[in-house]
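# Structure assessment
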Amino acid sequence: MSKRIRQVLFILVILFLICSPALVYVCDRFTTVIGKDKGDDELKGFFDEYNIGEFSLSNWKSSGFQSSFNDYWSHNFPGRNAMIKNYNQFRYSLFSLGQGVVGSGDTIYADWAPKDYFVTEETYDGELESNREVVDTFLAQLESLNEKLELRGIYFIVFTTPNKVEYMYDEVPLKYKIHNGRTRIFDYFSQCVDQYNINYFDSKKSFSQATPVFYNTGIHTSRTAEQEMAAALIDVLSGHIDISTVSLGEIKQSNEPFWRDTDGWDLQNVYKKQQNIYYQYEEMVEEKVDNYPTILLQGGSYCEGLRKMLLENELSDVNYINYNATLFDKEDTPIVFNGDWDQLDWDNLLNTDAIVVEMNESVIKDLSNGFVEYLNNYLDKEG
Amino acid sequence: MVFSSSVFLFIFLPITLIFYFISSAPLRNYVLLLVSLIFYSWGEPVFVFCIIVLVILNYIISTLLDNNSNLLIKRLLLCIALCMDFGVLFYFKYLTFVISNIHRIPGISIPQLNIVLPIGISFFSFQVVSYVIDVYRGDVKHQRNILIFSLYLMLFPQLIAGPIVRYKEIEKQIYNRTISLDGIYYGLKRFSIGLSKKVLIADICAQVSAMTFGTQTHGLINWVGSFAYTIQIYYDFSGYSDMAIGLGKVFGFGFPENFNYPYVSTSIKEFWRRWHMSLSTWFRDYLYIPLGGNRCGTYRTIRNTIIVFACTGIWHGAGWNYLIWGLWSVVFLVLEMGKWGQVVKKLPRGLAWLYCFLVVDFGWIFFNSETLSGALQYIKNMFIFSADDGAQLLFNINAEQIWAMVLGTIFMFPLYDRISRRIKHKVVLDICQITIAFITLVYVAGSSYSPFLYFRF
């Protein structure tokens, strides 16, 4: 190839690369081949939204316009999604880097899962006296809350959800497994919980393991594990409040995920596809009762399987407090309160048959995001 | 606007190239001036007016200098220009630092000012001062066209982070430059190499150094952190210089080289001949030599070296740690002037290299720490080892970061030049280059905002 031709080709390719957003934009307008609206390029997950910003002299002077334009453009330029996928695929394939922790066999863990399981941070050592005191105090608060709610005729139960590492240990990257002699806060919690008057449900005891408890592709427990956990918990609730129960029937299977079985994998936004078989139980309402109770549910995303079962089978109304950030009321209307518990209508929320608090084993130290402490104080004030 | 941002790469650069190449030759300088003003005002919408005023005032002073033969008046004009240009630099860059140090004196209280440091002011100041001095000395003829004069000072490729270009280096090129296929090819190649250095090596090594500087880490990870910073600063700065030189080449300009593989040096003296050459030659020509250089005895030579490197240090930043960094080099430069220099020359090349590299590496610790005490604590922590150092390192550093440091280490030596000379089919190199450019752009899209280290100087 002559030097001249080689140089021209090189220049053209580089120019093509830097003009690619403009070319994608033009193609998007005039063809159906490529472009932002063509479905395939869409990234999965949630993203902050950016606006171009208002162009005015004052906004220009303060660099406000430039800043918002920079943000808008860097998150929205045409062809960006494809470049992001290439970026993710490159890093995933070469360095096993992605969203969360990437283990062997394309196993995805939430960042906190191996950190908790292997206690990589000294401040989370369950042997530390300060941490044990925190757990002891929290358990006492749970007991106190239980007793107060009993007086009000409200059934209170706490359930814990598992850490994925326990079920997919071998796939965790080696660097987490280096022994450091620390123990988990959850281990101390589970040793002590029976010493208190607390209704406690360990969801791990409900897993039949006939199907995977976790998929390599999911951050959360599998659909079937969620269903087993929810059905068992509802069964426990039915012993204390009038609520219909659910039995799990035939297992359906599919190559497509049921609900959020691939949430961890989806967030990688790579070109590589996963070939798994996913499972879901058929749900049947058993022992239907006429009562339609109300349940106040507080916790993280791991309790949403319970909420889903309650609502889809019309077992109860649910007021769901997600962490300490948002309340989803019975009509599923989100009320954002961002930690300001006083904003919530507690008269209404305490007009409930049961209160269920979910905590993942990894976040015991979060102390239910302040929910238990707040409710204790609130009930003390109310008398 | 930084060169590694998507706004620059996908909007500003393509539009600039289009307008530049469709313009007729006489108009191209004005196109460049206009886009340079837009480029700078994007990041500094207010200070751009200060720059314009400085350009006008320096133009007036230079005109008067050029038209005057009275030595006293010329000296007075030069003083005015230097006071003005360095005064602006002092105000924006050093006044806050001076006030905060005065506050340490008991009984004195001066209101603290909230002065924002405009990007590129250090480069701009030194470039305009070099011009005025060169006009004063008669080394160059003053540029009568104020727009062309503005173009020289504000040309966007080298405006915010160098290299510092002397007017005599591009005087002829402003009116008489050749735009050729070769130039565009080499320019784009150089630009993409610089971008890759910045995005694929410097920015990733920055993640490692950020883990250690300003934190409580110690032992092995601190050594790795300082090494990562040594790689980061070189690739960040030389990457930017490559991009500036590359863009200049595309437009037909030949900017001076700024780095010549400084980390192959086997002495500190050699290091400073290879690192940030446009700055070190500036200090040589406008400070060191006027002070007498090395031609007035040992003590004066040492004095001059101390002055130059103290100024070099504080040019980089308003802080005691920068001054210490500058003086750190002086210690070894002075030692190398004496018997130690003879010893270093006789050392096996590998040992001499190790000596120089470690001195430079430790120097960067002062440079990168926010305070002097922070730097000393960092160095102290480097020698506190524990049994789980290896585990800590393994836990905190990922494969991508390791590769960035490995590649950074490999290419700090002039291997690319040697490899490219040996490859017969140059199209192979071009394909590799394009692949790396694509990966770099993909990283630009995927990575978060990352400013250059130097453009606050």
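Residues numbered from 1 in each chain as written. Chains lettered and ligands numbered in written order. Predicted model: local features only at pLDDT ≥ 70, side-chain atom pairs only at ≥ 80, totals over all residues. Heavy atoms only, no water.

### Here's the deal with the interface of chain B and chain A
You'll often see interface size given as the accessible area lost when the parts meet. Filter applied, for reference: We call two residues contacting when some pair of their heavy atoms lies within 4.5 Å. Throughout, the accessible surface (probe 1.4 Å) given up by two parts as they are put together, summed over both, is called the buried area. One side-chain nitrogen of Lys or Arg within 4 Å of one carboxyl oxygen of Asp or Glu is enough to make a salt bridge. Two N or O atoms form a polar contact when they lie within 3.5 Å of each other; inside protein one atom must be a possible hydrogen donor and the other a possible acceptor, and for residues adjacent in sequence the pair counts only when both atoms belong to side chains. By definition, any uninterrupted DSSP run of H or I lasting at least four residues is a helix, any uninterrupted run of E lasting at least two residues is a strand, and each is numbered from the N terminus. Amino acids are sorted into nonpolar (Ala, Val, Leu, Ile, Met, Phe, Trp, Tyr, Cys and Pro), charged (Asp, Glu, Lys and Arg) and polar (every other residue, Gly among them).
Contacts between chain B and chain A engage 41 residues on the former and 39 residues on the latter. Note on chain B versus chain A: buried area summed over both sides is about 3900 Å², and carbon and sulfur give 77% of it. For the chain B face of the interface with chain A, the top three residues by lost area are Trp42, Leu181 and Phe395 of chain B, together amounting to 19%. On inspection of chain B and its partner chain A, the count reaches three salt bridges. Note that Asp430 of chain B and Arg6 of chain A form a salt bridge whose closest N and O atoms lie 3.0 Å from each other. Run the count over chain B and chain A and you get eight residue pairs in polar contact (both at pLDDT 80 or more). Elements with a minimum of two residues in the side of chain B that touches chain A: helix H1 (6-22), helix H2 (25-43), helix H9 (181-212), helix H18 (389-396), helix H19 (399-410) and helix H21 (426-446) of chain B. By residue number, the principal contributor to the side of chain B that touches chain A is H21 of chain B, which donates 13 residues. Of the residues assigned to the side of chain B that touches chain A, the class counts are 29 nonpolar, seven polar and five charged.

### Considering H21 of chain B
To keep things clear, this is the line we draw: One fewer than the residue count of a helix, multiplied by 1.5 Å, yields its expected span. Relative accessibility decides the category of a residue: with a 1.4 Å probe and only protein chains considered, values under 20% of the type maximum give buried, values over 50% give exposed, and everything between is partly exposed.
Along its 21 residues, H21 of chain B runs 30 Å from first to last C-alpha, staying within 8% of the 30 Å computed at 1.5 Å per residue. Buried residues of H21 of chain B: Leu429, Asp430, Gln433, Ala437, Ile439, Thr440, Leu441, Val442, Tyr443, Val444 and Ala445 of chain B, and no others.

### A closer look at unusual backbone geometry
Across the junction of Gly162 of chain B and Pro163 of chain B, the peptide omega takes the value 0°, indicating a cis bond. Not every positive phi belongs to a glycine, and Glu314 of chain A is a case in point at roughly 50°. Relative to the elements of secondary structure, Glu314 of chain A occurs in the loop between helix H11 (304-312) and strand E8 (317-322). One non-glycine residue, Tyr323 of chain A, lies in positive phi territory at about 50°. Turning to its location among the elements, Tyr323 of chain A is positioned in the loop between E8 and strand E9 (326-328). Tyr323 of chain A gets classed as partly exposed once you look at its relative accessible area, which sits at 36%.

### Quick notes on the sheet that holds strand E11 (residues 354-360) of chain A
All names here are of chain A. Short version of the rule: Following DSSP output, two strands are said to pair if at least two bridges run between them. To obtain an axis, a line is fitted to C-alpha atoms, over the contacting stretch when the element is a helix, and the angle between two such axes runs from 0 to 180 degrees between their N-to-C directions.
Reading across from one edge, E4-E3-E11-E7-E8-E9-E10 is the order of the seven strands in this open sheet, with mixed pairing throughout. Across the chains shown, the open sheet's two edge strands, defined by having one partner strand only, are strand E4 (200-202) and strand E10 (334-336). Pairwise comparison of adjacent strand axes, ignoring direction, gives a mean angle of 20° for this sheet. Sheet topology note: the strand E3 (residues 155-161)/E11 ladder contains seven bridges and is parallel. Opposite Thr161, over in E11, you have Asn360 as the bridge partner. Contacts from helix H6 (residues 129-151) reach E3 and E11 within the one sheet, and its direction differs from that of E3 by about 145°.

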